[in-house]
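Below, each chain spelled out in residue letters.
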Amino acid sequence: MTAARSPLTPDAPPRPGLRERKKIRTREAIRTAAYALVAQQGYDATTIEQIAERAEVSPSTVFRYFPAKEDIVVTDEYDEPLLAELAARPADEPWTDSVRYVIRKAVRLAMTEQPEVTALRARLMREVPAVRARMRETVTGVGRTLAEAIAARTGLDPEGLEVRVHATALVGGLLEATMYWAEHGHREDYADLADRALDVIEHGLPTGKG
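Residues numbered from 1 in each chain as written. Predicted model: local features only at pLDDT ≥ 70, side-chain atom pairs only at ≥ 80, totals over all residues. Heavy atoms only, no water.

Asker: Summarise the pattern of salt bridges; cite the residues concerned and give the values.
Answerer: In this structure the tally under the stated criterion is 16 salt bridges. Here Arg 108 makes a salt bridge to Asp 189, at a shortest N to O gap of 3.5 Å. Taken together, the positions of Arg 108 in helix α6 (residues 95–113) and Asp 189 in the loop between α9 (161–183) and α10 (190–203) put the pair 81 residues apart, joining distant regions of the chain. With its nearest N and O atoms 3.4 Å apart, the salt bridge here joins Arg 136 to Glu 176. Taken together, the residues span a long stretch of sequence, with Arg 136 in helix α8 (residues 129–154) and Glu 176 in helix α9 at a distance of 40 residues. Residue Arg 136 is classed as partly exposed on the basis of its relative accessible area of 37%. One network of salt bridges, in which partners are shared, links Arg 100, Arg 104, Asp 195, Asp 199 and Glu 202. (Salt bridge = Lys/Arg side-chain N within 4 Å of Asp/Glu carboxyl O. Helix = DSSP H or I, 4+ residues; strand = E, 2+ residues; numbered from the N terminus. Buried < 20%, exposed > 50% of the residue type's maximum accessible area, 1.4 Å probe, protein only.)

Written out as structure tokens, the structure is:
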């Protein structure tokens, strides 16, 4: 993993200052150390002290960047670039097409650049209740931000019921696609599963056989 700018970002932003670059490098060092230790010895056996030692920082530094061990697993640097990419889609493009484009791109990048980490995060979300609970808390915040993006694009009220339901359905559907992927041993194509989740949100359940 690197601290390089996410390829999701549509246009190159101003280069971060030295302080921010140091923060990014520290966050990435902590994440990299945590993922490596968890892959070697399991989530429960991995301590903050071990992560700090491997990342060459103090335990207090780890807690300053990540208030809980679960936060190291569930957070990443992709939310803001993803939303920026979504906002940059053509104004006349149907909203559902914009969402599908950005989600496909995000999933493909995750599977191309960090396949092991992506699979590990999905497995931990399935197997570790604390990770799963923290992930659900995190996506709630993402849903609120997504509701604002939907409102900006559609002219609807971000606090309106319809917008909130749609945003929650999107993040919840993608979370379930991730869980399904982990439950089935990562055998299916993650991007296809995300696409299927979007199909359900957009069109409803498929017609049952009978």
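Asker: Help me get a handle on the environment of Val 142, residues and values and all.
Answerer: By the element assignment, Val 142 lies in helix α8. On the basis of relative accessibility, which here comes to 24%, the residue Val 142 falls in the partly exposed class. For the pair Val 142 and Tyr 190, spaced 48 residues apart in sequence, the C-alpha separation works out to 20 Å. When sequence neighbours within four positions are dropped, the list of residues in contact with Val 142 reads Asp 79 and Val 171. (Contact = heavy atoms within 4.5 Å.)

Purely geometric numbers; function is a separate question.
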